[in-house]
Amino acid sequence: MNVLRRELSGGLRTVLVWLLIIAGLNVLMIAMHRSFAMNTEGLEELMKAFPPEMIKAFGLDRLSLADPIGYYATEVYIIVILAGSVFAAILGASLLAKEEEEKTVEFLLARPVSRGSVIMQKALAMAVFLLGFNVAIALVNIASFAAFVDHPYSLATLVHLSIAPFFAQLVFASLAFLSALFWTRRRSVYSVSLGLTMGTYALGIVSLISDRLAWLRWISPFRYIEGADIATAGQVDFALVTALVAASLAAVALTFSLYRRRDITV
């Protein structure tokens, strides 16, 4: 039984809905950059009104909203990284939880396919969806910059900013995938996954605001691909990206090991 084909076919509509929403917001925000770039004095006055902690948390102490890349990294990037991670968590959670909730797991495992194969094909479908999602976002960003941005910018840096969220999304999807072994109702596993996503985002913000709590950044996948860091360096930190991939593989490997031995609710 081709579980991979079944998952790709069944989940495509949901992925497209999320893609259209997030890509649409990206286009809208990028189109607004021209008005920001034309009013640099107003931007400076606006920055003075914000608390220093907020400016630091969003990277505005290092970047300018008048610069296209700085604008994307501080204003647009948060949409993809946060909303995209919520989407990834829901995607990862539903891949396993839906089988037991909808009572289709008995039919699935009665087919000539091993539990290990089921897990690996579902994990592969998850990776394919997330990769396709982020490649599509990258293409939308490139087209939007070409259409709406007049100021010079680094295309390579834009590509890095567009693809970077994939690695955090992969972590949240993998952890949600794992959590579905312990909560068989989708509503429950969604709550856990969303709590994990928003909780680690909050920890990441705290780590940026407080030097005393800077160590919290290592708990938050968001801080491994911080938009301001990528915009400043011109590329992702490959060591940090490798750590996110390793965490994702570890979560999938643990899911693989536990699923082969667990009792299935039918």
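Treat the numbers as computed from the prediction; the structure is a model and nothing was measured.

Q: What should I look at first to understand the overall build of the protein chain in this one?
A: Counting its secondary structure elements, the protein chain contains 13 helices and zero strands. When each of the 266 residues of the protein chain is scored for burial, the buried share is 47%. Pairs at least 24 apart in sequence give 79% of the contacts found in the protein chain among residues at least 6 apart. For the protein chain, the accessible area works out to roughly 12,600 Å², and carbon and sulfur atoms hold 66% of it.

Q: I keep staring at the environment of Ala250 and nothing clicks. Help me out?
A: When you line up the elements, Ala250 lands in helix α13 (residues 238-259). A relative accessible area of 44% places Ala250 in the partly exposed class. In this structure, the C-alpha to C-alpha distance between Ala250 and Ser174, residues 76 residues apart in sequence, is 8.7 Å.

Q: Teacher, can you tell me more about the packing of helix α7 (residues 115-148) against helix α9 (residues 165-179) here?
A: Helix packing geometry: the angle between the two helix axes and the distance between the axes. Their axes nearest at 10 Å, the elements α7 and α9 cross at an angle of 150 degrees. By the angle between their axes, α7 is roughly antiparallel relative to α9. Judged by the sense of rotation from one axis to the other, the crossing of α7 with α9 is right-handed. Packed against α7, whose contacting residues are Ile119, Lys122, Ala123, Met126, Ala127, Leu130, Leu131, Phe133 and Asn134, the element α9 presents Pro165, Phe166, Gln169, Leu170, Ala173, Ser174 and Phe177 at the interface. Tallied by class, residues from the contact of α7 with α9 come to twelve nonpolar, three polar and one charged.

Q: So what exactly am I meant to see when it comes to the nonpolar core here?
A: Proteins that are soluble and globular tend to have nonpolar side chains buried together. Among the nonpolar cores identified, the biggest contains 67 residues, and Tyr72, Tyr77, Met126, Leu130 and Ile225 are the most heavily contacted of them. A total of 18 residues in this core trace back to one element, the largest contributor, which is helix α5 (residues 68-101). The residues touching Tyr77, leaving out its near neighbours within four places in the chain, are Tyr72, Leu161, Ala164, Pro165, Ile225, Glu226, Gly227 and Ile230.

Q: I would appreciate a short explanation of the packing of aromatic side chains in the present structure.
A: Given two aromatic rings, their pairing is described by the distance between the two centres and the angle made by the two planes. Across all of its chains, the model carries eight aromatic pairs by this definition. Taking the centre distance of 5.2 Å and the plane angle of 75 degrees together, the rings of Phe166 and Phe167 count as edge-to-face. Note on accessibility: Phe166 and Phe167 belong to one class, buried. Aromatic rings pair up to connect Trp18, Phe87 and Phe133 into one cluster. If you follow Arg217 out to its NZ or CZ, it ends over the ring of Trp218, 5.0 Å from the centre.

Q: What exactly am I supposed to notice about the confidence of the model for the protein chain here?
A: The predicted coordinates ought not to be read in detail in places where the model reports low pLDDT. Confidence along the protein chain averages 84 in pLDDT terms, with 83% of residues attaining 70 or more. Helix α6 (residues 105-110) is the least confidently modelled element of the protein chain, averaging 55 in pLDDT, while helix α8 (residues 155-163) averages 95, the highest of any element.

Q: Please clarify how the side chain of Ser85 should be interpreted in this entry.
A: Looking at where Ser85 falls in the secondary structure, it is placed in helix α5. By relative accessible area, which is 0% here, Ser85 ends up buried. For Ser85, the side chain forms a polar contact with the main-chain oxygen of Ile81, separated by 2.6 Å. Non-local contacts of Ser85, meaning those with residues more than four positions away in its chain, are made with Val80, Ala168, Gln169, Phe172, Thr197 and Phe222.

Q: What exactly am I supposed to notice about a nonpolar patch on the surface here?
A: Residues Leu131, Val135, Leu139, Ile142, Leu155 and Val159 make up a contiguous nonpolar surface patch of about 470 Å² in total accessible area. Sort the elements by how many residues they give to the nonpolar patch and α7 lands first, with four residues. Structurally, the position occupied by Val135 is in helix α7. For Val135, a relative accessible area of 38% puts it in the partly exposed group.

Scoring rules and cut-offs
Residues numbered from 1 in each chain as written. Predicted model: local features only at pLDDT ≥ 70, side-chain atom pairs only at ≥ 80, totals over all residues. Heavy atoms only, no water. Helix = DSSP H or I, 4+ residues; strand = E, 2+ residues; numbered from the N terminus. Buried < 20%, exposed > 50% of the residue type's maximum accessible area, 1.4 Å probe, protein only. Contact = heavy atoms within 4.5 Å. Areas by Shrake-Rupley, 256 points an atom, 1.4 Å probe, with all protein chains shown as cover. Axes fitted to C-alpha atoms, helices over the stretch in contact; angles between N-to-C directions. Parallel < 35°, antiparallel > 145°, perpendicular 65-115°, else oblique. Left-handed = near helix turned anticlockwise from the far one by under 90°. Nonpolar A, V, L, I, M, F, W, Y, C, P; charged D, E, K, R; others polar. Core = buried A, V, L, I, M, F, W, Y, C linked by side-chain atoms within 4.5 Å. Phe/Tyr/Trp six-rings, centres within 6.5 Å; stacked < 30°, edge-to-face > 60°. Lys NZ or Arg CZ within 6 Å of the ring centre and 35° of its normal. pLDDT = per-residue confidence, 0-100. Polar contact = N/O pair within 3.5 Å; in protein donor to acceptor, adjacent residues only side chain to side chain. Patch = residues over 30% accessible without salt bridge, like charges linked within 9 Å, V, L, I, M, F, W, Y side chains within 5 Å. Salt bridge = Lys/Arg side-chain N within 4 Å of Asp/Glu carboxyl O.

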